[in-house]
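Geometric and topological summary
Below, each chain spelled out in residue letters.
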Amino acid sequence: MSKLLFQSILILCLGMFMLTSCGDDDDATVEDLSGTYVGTKIELKNCNDPEENINYSGNTADGICYEEDGLTGCILLEMTFSNGTYTTTYTVDLAGFTFSSTDTGTYDPDSGADELCVDGNCGEIEIRNGGDKIIFTGQDPDTGCDALFELEKK
């Protein structure tokens, strides 16, 4: 199985639980997040090993698709926020091997404009376009990579 597959899964998990951010949109709050969001960008940069740096973006029916070492892969990420609960579903397809996972939990819709509390763990979030785009960033302490993923409302 490709190292990239595991990196992709790691970045999706990191985004949810190691949240930090670079700004916010004053007219949107966590309360405005009600709805389903689809991943449009995954980025790892400033990694200790520069070969681990990735920058994938796009929004196809299969998710964010990329090609590496002659193999095509796609990552489909969806997050749904509703009445204080969330569901995260992601599917990674790499050269015919598919891995899917779903996670559910709670969030505090009253957290504010730049903080999201997920299952009691709070961190910063960037909310843009009146709640139509959300960006999670964080750092992987093992690889040193700065991780980012962004999602847009369906």
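Residues numbered from 1 in each chain as written. Predicted model: local features only at pLDDT ≥ 70, side-chain atom pairs only at ≥ 80, totals over all residues. Heavy atoms only, no water.

**A short note on the pattern of salt bridges**
- A complete count under the given rule lists 5 salt bridges for this structure.
- A salt bridge links Glu43 to Lys41; the nearest nitrogen and oxygen atoms lie 3.7 Å apart.
- Of the residues examined, Glu43 reaches a relative accessible area of 11% and is grouped as buried.
- Among the residues examined, Lys41 registers a relative accessible area of 23% and is labelled partly exposed.
- Residues Glu43 and Lys45 are paired through a salt bridge, measuring 3.8 Å at the closest nitrogen-oxygen approach.
- One salt-bridge network, in which partners are shared between bridges, spans Lys41, Glu43 and Lys45. (Salt bridge = Lys/Arg side-chain N within 4 Å of Asp/Glu carboxyl O. Buried < 20%, exposed > 50% of the residue type's maximum accessible area, 1.4 Å probe, protein only.)

**Re the packing of aromatic side chains**
- Scanning all chains against the criterion turns up 5 aromatic pairs.
- Relative to Phe99, the ring of Tyr90 lies with its centre 6.4 Å away and its plane at 50°, an arrangement referred to as tilted.
- A relative accessible area of 9% means that Tyr90 is categorised as buried.
- What makes Phe99 partly exposed here is its relative accessible area of 32%.
- On the basis of an interplanar angle of 40° and a centroid distance of 5.0 Å, the ring pair of Phe136 and Phe149 is categorised as tilted. Here Phe149 lies in strand 11 (residues 146-153) and Phe136 lies in strand 10 (residues 133-139), a separation of 13 residues in the sequence. Each member of the pair, Phe136 as well as Phe149, carries the same accessibility label: buried. (Phe/Tyr/Trp six-rings, centres within 6.5 Å; stacked < 30°, edge-to-face > 60°. Helix = DSSP H or I, 4+ residues; strand = E, 2+ residues; numbered from the N terminus.)

Take it as geometry only, folks, not as evidence of what the structure does.
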